[in-house]
Each structure stands twice: as structure tokens, then as C-alpha cells.
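Residue-level listing of the chains:
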Amino acid sequence: MTPTSQNKMFGGTQSVYAHRSKACDCDMRVAVYLPPQALNKKAEHAPCPALVWLSGLTCTEENFTAKAGAQRVAAELGIILIAPDTSPRGDHVPDDKNSYDFAKGAGFYLDATQEPWAKNYQMQTYIRDELTAWMLANFPIDSKRIGISGHSMGGHGAITLHLKNPDLYKTCSAFAPITSPSQVPWGRKALKGYLGENQADWAQYDATELVKTPSQANILIDQGTDDNFLTEHLRPEIFSDACAKSGQATILRMQEGYDHSYYFIATFIEAHLRHHKNVLG
């Protein structure tokens, strides 16, 4: 674990670390916010609950850290924030330079099976296994109090990882998530590229399919009504209907006039942090 930056913020520390990923065969960067409670080992709140944040297309670990404004509330609530990158990086990692929505910056939080992507694009294994082990080994995190959230492609990752690992990620929320990737252009491009033509293989990364086996969590979703990607790429009503059929507790809030940007996320991030804290305690 190599720290690349560290700054004091709201009584805690905002840091960025680089570490080697075996799953992705490259160095990965992770932003970590430690609230004051995590720095005081004598405090009654340590170890602390943690929230893993997964960012969207074209993003790195920096977008959430710099734009969401989450640290102030995290400091109040005593929540550790973990924000990894969105894909493997490095000159040896294959890329599609003609696409913003595939390859670097667009790992889709799945384990690729198709070449040339399979060697490096193992983001599900990285997030679920390596990142979890890394953060538990290095920070005062209560392993029984971990939640997951994300935006857009990261919302897709958060919900699918939660539904497949409800004992690891006890709580879940998302901003403008891609919840039915098999039925929308962004998702179909990624699933076909990473997994191949057989759509039966796509279901394991499609929240609308996975929610047929509901979790015990209450999934909070915020979606802006002025989101340019709403009707073509997001279509939250498909997932909402699937939740109603399976009995999955879900709160879908259509936020009037909000778009897909981090201005939208910054407006409602406090509600999401409190949503997680209410369960993680």
C-alpha cells in the first residue's frame, strides 16, 4: 500500500493509495476518507462502518472524492468512505480508444471472459475480494458493517454486488443506476464485449434478473427527471417493477429537474449516507 496523497478534512483524513491488484494485473488507486472516529483508536465508535462507492463511466477515484461533498457528513456519522477506480489502468491494459463507454474507465464491475479483456478486466473479483481484504487489513473497519453505493455504471455495480453478496454488503443505494443492462445500449455493449454473445451469461450482472432473489436490504435509488440518459440507458422503471414482483424493498425517488451530474449527487449524498448509517449503526 503506497500513499500518494493525504489531506486533513473535517477532522479526519482524505487519502489516495496505490496498490497492486492480482485480479486486474495492474496497480490500482483507491481514495479513502477516515473520519475522526476512525483515527481515535480509543473512541467507542472504532472500528467504524464503511461505505464502498463505485463511480460511473469515464471516472476515476477522484470524481467522488472531489465532487460529491460526502466527507462532511461521513465525519459526523463516523463512516469510512472507500472509492476505488472504475477499471484497470496501465499501458499494458487493453483499451478501446474509440469508446468512452467500454474498456478503460468502463470496467462495469464484472469479470470479463472474452479476449483481450479477460486478463485485466476482473473488476468484480477486485472489488468483492481484493478491495475488501485490502481495506479490512489496513483500516479500522467493522467487517459486519459495510455498505455499497454508486452512480450510473457504479450504481449497476453496487446493486449487483449487493444482491450477489448480501452478507458482505449489508446496505445498498444508487444514483441513476444502470439496473437493466441487458435491455439498454450501454449495458448491451459492455456485456457483449466483455462476456460474449450468449445472453444467458449476462444475467449474473443484470440487477433486474438478480433481484428475482431479493435481499433483506431496502435499496435506495435517486434518479433525476432531467437526466439525458434516463429513457435510453437507465430506465429505472424496469428494475422497480421487478422489485415489486419479487418483494425486494426499494425506494425509487424521481428527483424533479436534476440531471446526471455530480451536482445531483452532491444534493442527495447526505440522505444516502444517513440511509446506510441507519442500518449499519
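Look above for the structure.
Residues numbered from 1 in each chain as written. Predicted model: local features only at pLDDT ≥ 70, side-chain atom pairs only at ≥ 80, totals over all residues. Heavy atoms only, no water.

Q: Explain the overall build of the protein to me, and be specific about the residues and the numbers.
A: When its secondary structure is counted, the protein shows 10 helices and 9 strands. For 281 residues, the compact-globule estimate of 2.2 N^0.38 gives 19 Å, and the C-alpha radius of gyration of the protein, at 18 Å, lies within 12% of that figure. The principal-axis extents of the C-alpha atoms in the protein amount to approximately 55 × 45 × 35 Å. Within the span of the protein, comprising 281 residues, buried residues form 58% of the whole. Excluding contacts between residues fewer than 6 apart, the proportion of contacts in the protein whose partners are at least 24 apart in sequence is 71%. By element, 48% of the accessible surface of the protein is carried by carbon and sulfur atoms, the whole surface being about 11,600 Å². (Helix = DSSP H or I, 4+ residues; strand = E, 2+ residues; numbered from the N terminus. Rg over C-alpha atoms; globule rule 2.2 N^0.38 Å. Buried < 20%, exposed > 50% of the residue type's maximum accessible area, 1.4 Å probe, protein only. Contact = heavy atoms within 4.5 Å. Areas by Shrake-Rupley, 256 points an atom, 1.4 Å probe, with all protein chains shown as cover.)

Q: Could you give an account of the packing of aromatic side chains, with specific residues and numbers?
A: Each pair of aromatic rings is reported with the distance of its centres and the angle of its planes. All told, the structure shown has 15 aromatic pairs when counted by the stated rule. Ring geometry for Y17 versus W134: centroids 5.9 Å apart, planes at 70°, classification edge-to-face. With Y17 in strand β2 (residues 12–21) and W134 in helix α4 (residues 123–138), this residue pair connects regions lying 117 residues apart in the sequence. Across this residue pair, the class does not change: Y17 and W134 are buried. (Phe/Tyr/Trp six-rings, centres within 6.5 Å; stacked < 30°, edge-to-face > 60°.)

Q: Can you lay out the pairing of strand β6 (residues 141–150) for me, pointing to particular residues and giving the numbers?
A: Strand residues, when the strand is regular, have side chains that alternate between the two faces of the sheet. For β6, a buried count of 7 out of 10 residues is recorded, marking the element as mostly surrounded by other parts of the structure. Note: strand β4 (residues 48–54) against β6, 6 bridges, orientation parallel. Among the inter-strand pairings, W53 is bridged to a residue of β6, identified as S149. Pairing of β6 with strand β7 (residues 171–175) involves 2 bridges; the strand directions are parallel. From the neighbouring strand, G147 faces β7, where its bridge partner is T171. (Pairing = 2+ DSSP bridges.)

Q: Help me get a handle on the sheet that holds strand β9 (residues 250–255), residues and values and all.
A: If you trace the 9 strands from one edge of the open sheet to the other, you get β1-β2-β3-β5-β4-β6-β7-β8-β9, paired in mixed fashion. The sheet terminates laterally at β1 (2–9) and β9, the two strands that pair on one side only. Within the sheet, the average angular offset between the axes of one strand and its neighbour, ignoring direction, is 20°. Packed on one face of the sheet, α4 meets β2, β3 (26–34), β4, β5 (80–84) and β6 and runs near 50° to β3. Of the strands in this sheet, β4, β5, β6, β7, β8 (219–224) and β9 touch helix α10 (residues 262–280), which is tilted by about 170° from β7. (Axes fitted to C-alpha atoms, helices over the stretch in contact; angles between N-to-C directions.)

Q: Explain the environment of T60 residue by residue, including any values.
A: When you line up the elements, T60 lands in the loop between β4 and α2 (61–67). Along the backbone, T60 and K104 are 44 residues apart, and their C-alpha atoms lie at a distance of 10.0 Å. When sequence neighbours within four positions are dropped, the list of residues in contact with T60 reads S55, D85 and R89. Of the polar contacts made by the side chain of T60, one reaches the backbone nitrogen of E62; its length is 3.1 Å. (Polar contact = N/O pair within 3.5 Å; in protein donor to acceptor, adjacent residues only side chain to side chain.)

Q: Summarise the environment of V73; cite the residues concerned and give the values.
A: Along the polypeptide, V73 turns up in helix α3 (residues 71–77). For the pair formed by V73 and P35, sequence separation is 38 residues and the distance between their alpha carbons is 9.4 Å. Look past the residues within four positions of V73 in its chain and what remains in contact with it is E270, L273 and R274.

Q: Break down the side chain of S87 for me, citing the residues and quoting the values.
A: You can see S87 is positioned in the loop between β5 and α4. At 2.8 Å, the side chain of S87 forms a polar contact with the backbone nitrogen of G105. Every residue in contact with S87, bar those within four places of it in the chain, is listed here: M28, A103, K104, G105, A106, G107, Y121 and M123.

Q: Could you give an account of the environment of E209, with specific residues and numbers?
A: Summarising the element assignment, E209 is placed in helix α7 (residues 207–210). Of the residues examined, E209 reaches a relative accessible area of 34% and is grouped as partly exposed. Side chain to side chain, E209 and K212 meet in a polar contact 2.9 Å long.

Q: Go over the state of the cysteines with me, naming the residues and quoting the values.
A: This model, assessed by the stated rule, comprises 0 disulfides. For the unlinked cysteine C59, the closest cysteine sulfur is that of C24, found at 17 Å. We classify C59 as buried; its relative accessible area is 7%. Unpaired in this structure, C172 has its nearest cysteine sulfur neighbour in C243, at a distance of 9.9 Å. On the basis of relative accessibility, which here comes to 1%, the residue C172 falls in the buried class. (Disulfide = S-S within 2.5 Å.)

Q: Could you give an account of helix α9 (residues 236–246), naming the residues involved and the relevant values?
A: Owing to its 3.6 residues per turn, the α-helix brings residues three or four apart onto one side. Turning to α9, its buried residues number three or more, namely P236, I238, F239, A242 and C243. Looking down the long axis of α9, one finds its buried residues gathered within 155° of arc, a one-sided arrangement. In α9, the exposed positions angled more than 90 degrees off the buried face are occupied by A244 and K245. Next to the buried residues of α9 lie α5 (153–164), α7, β8, α8 (230–234) and β9. (Arc of directions from axis to C-beta.)

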